[in-house]
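# Coordinate analysis (summary)
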Amino acid sequence: MTPTPHGTNPRSHATNANPFRFGYGTNGLADLRLDDALGLLADLGYDGVGLTLDHMHLDPLAPDVAARTRKVARRLDTLGLGVTVETGARYVLDPRRKHGPSLLDPDPADRARRVDLLIRAVRIAADLGAHAVHCFSGVLPADPTHLANPADQAHPVATAHPAEDTAWKRLAEALTPVLDAATHAGVPLAVEPEPGHLLATLADFHHLRRILGDPPALGLTLDIGHCQCLEPLPPADCVRAAAPWLRHVQIEDMRRGHHEHLPFGDGEIDFPPVLEALAATGYQALTVVELPRHSHAGPHFAAQSLPFLHRAARAIPAGAEGSTP
């Protein structure tokens with residue numbers, strides 16, 4: 001399949017009256033077979049899916065991944081579902097280390113394994129016609145002294161935080177071949193600020209962007225709950241500030257200072273202003289519900305989430321600025 005332009009998809013259900021295209025993440029449907037999960041989301045009325053590459057769904061390390069990807073692409077097309085590719089599987093690379101290895105690991109070979117996964121994700125995304133590939137930085141190693149490898153100190157920089165500077169250098173170097181692959185494939189790489197990670201905030205995203213020289217293939221995944229959790233701006237203002245780089249959106253409820261993904265209504269977020277701001281940006285790619293810790297009742301929460309989002313969209317004041325793209 002030919003990749004689509006950034007922020008668009010030929011299966012889009014968005015209209016001027018309803019600019020939103022809602023999806024649901026397969027990391028919140030981990031107990032379902034992928035084919036069943038896709039069928040469920042189509043039956044519920046979702047516009048697309050956030051597809052986490054993992055062993056139980058579309059395994060990026062499977063020897064027949066190309067054939068599996070073609071099968072999934074046909075299924076998505078039949079169901080009329082758009083897709084974004086997500087790379088947040090907990091144990092896809094290492095059965096003993098959650099989200100390990102990362103782009104910040106001290107061992108260059110371990111970092112290379114994560115880079116390889118992301119490049120595979122870019123290829124899969126291109127074959128699926130996905131609008132973006134999501135990724136994150138990873139956390140700083142537990143022992144900061146592990147960052148001080150001789151190879152990383154070839155060009156030392158005087159700073160009060162040498163370990164963190166080395167981590168940013170590693171992150172930029174690791175992402176460079178991934179961005180090259182994304183540029184070649186025509187699929188943007190959408191980095192997510194993740195609480196607790198090196199790249200945790202919108203300010204951190206802009207720091208990475210400057211280090212890399214603002215490459216066109218580098219975009220942003222904005223998680224609305226994360227904005228509520230730790231950004232200085234309210235979530236709606238975060239959306240406006242992020243607009244030029246927005247390539248993927250994740251959405252759920254959350255409370256200030258607590259990184260816990262919650263079903264809608266269980267947190268503190270006022271969603272109509274968030275959706276109003278999102279519409280004002282002209283963003284038309286998927287906005288994906290992110291409830292990875294609720295897979296035990298995934299079909300239930302998928303069924304509840306879409307009506308909630310539709311009600312929030314209808315609550316946007318008529319004629320409000322940004323109520324149409």
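Shown above is the structure to which this text applies.
Let me begin by describing the structure that accompanies this report. (Residues numbered from 1 in each chain as written. Predicted model: local features only at pLDDT ≥ 70, side-chain atom pairs only at ≥ 80, totals over all residues. Heavy atoms only, no water.)

### Observations concerning the overall build of the protein chain
Summing up its helical and strand segments, the protein chain has 9 helices and 10 strands in all. Counting every position in the protein chain, which comprises 325 residues, the buried fraction comes to 56%. (Helix = DSSP H or I, 4+ residues; strand = E, 2+ residues; numbered from the N terminus. Buried < 20%, exposed > 50% of the residue type's maximum accessible area, 1.4 Å probe, protein only.)

### Overview of the nonpolar core
One finds Tyr24, Leu128, Leu171, Leu175 and Leu222 to be the most contacted residues of the largest nonpolar core, which totals 87 residues. Counting residues per element, this core draws most heavily on helix H4 (residues 162-185), which supplies 10 residues. If near-sequence neighbours (up to four positions away) are discounted, Leu175 is found in contact with Leu103, Leu118, Cys135, Leu189 and Leu208. (Core = buried A, V, L, I, M, F, W, Y, C linked by side-chain atoms within 4.5 Å. Contact = heavy atoms within 4.5 Å.)

### Observations regarding helix H3 (residues 108-128)
Taking 1.5 Å of rise per residue, 21 residues should cover 30 Å, and H3 covers 30 Å from first to last C-alpha, within 8% of that figure. One side-chain oxygen at the N-terminal end of H3 lies 2.9 Å from the backbone nitrogen of Ala109; it belongs to Asp107. Positive backbone phi, at 75 degrees, marks Gly129, one or two positions downstream of H3. (Expected span 1.5 Å × (residues − 1). Polar contact = N/O pair within 3.5 Å; in protein donor to acceptor, adjacent residues only side chain to side chain.)

### A short note on the state of the cysteines
Inspection of every chain in the model, using the stated rule, returns 0 disulfides. Unpaired in this structure, Cys238 has its nearest cysteine sulfur neighbour in Cys227, at a distance of 3.7 Å. (Disulfide = S-S within 2.5 Å.)

### Considering the pattern of salt bridges
Throughout the structure, instances matching the rule amount to 11 salt bridges. Notably, a salt bridge pairs Arg75 with Asp35, separated by 2.7 Å at the nearest N-O pair. With Arg75 in helix H2 (residues 65-79) and Asp35 in helix H1 (residues 34-44), this residue pair connects regions lying 40 residues apart in the sequence. The exposure class assigned to Arg75 is partly exposed, which follows from its relative accessible area of 26%. Asp35 sits in the partly exposed class, given a relative accessible area of 41%. (Salt bridge = Lys/Arg side-chain N within 4 Å of Asp/Glu carboxyl O.)

### A look at the pairing of strand E3 (residues 82-86)
Of all 5 residues that make up E3, 5 are buried, and the element is covered over most of its length. Every second residue of E3 is oriented toward a common face, with Gly82, Thr84 and Glu86 on one face and Val83 and Val85 on the other, all of them buried. Here strand E2 (residues 48-52) pairs with E3 via 5 bridges, running parallel. Residue pairing in the sheet places Gly48 in a bridge with Gly82 of E3. Viewed along the sheet, the connection from E2 through H2 into E3 turns out right-handed. (Pairing = 2+ DSSP bridges. Right-handed = clockwise from strand over helix to strand, strands pointing away.)

### Considerations on unusual backbone geometry
Here Gly100 and Pro101 are connected by a cis peptide whose omega angle stands at -10 degrees. For Pro101, the location among the structural elements is in the loop between E3 and H3. Positive phi, normally seen in glycine, also occurs at His99, with a value near 60 degrees. Within the secondary structure, His99 is located in the loop between E3 and H3. Positioned with a positive phi, Asp214 is a non-glycine residue whose angle comes to about 55 degrees. In this fold, Asp214 is placed in the loop between helix H5 (202-212) and strand E6 (218-223). Classification of Asp214 by relative accessible area gives partly exposed; the value is 41%.

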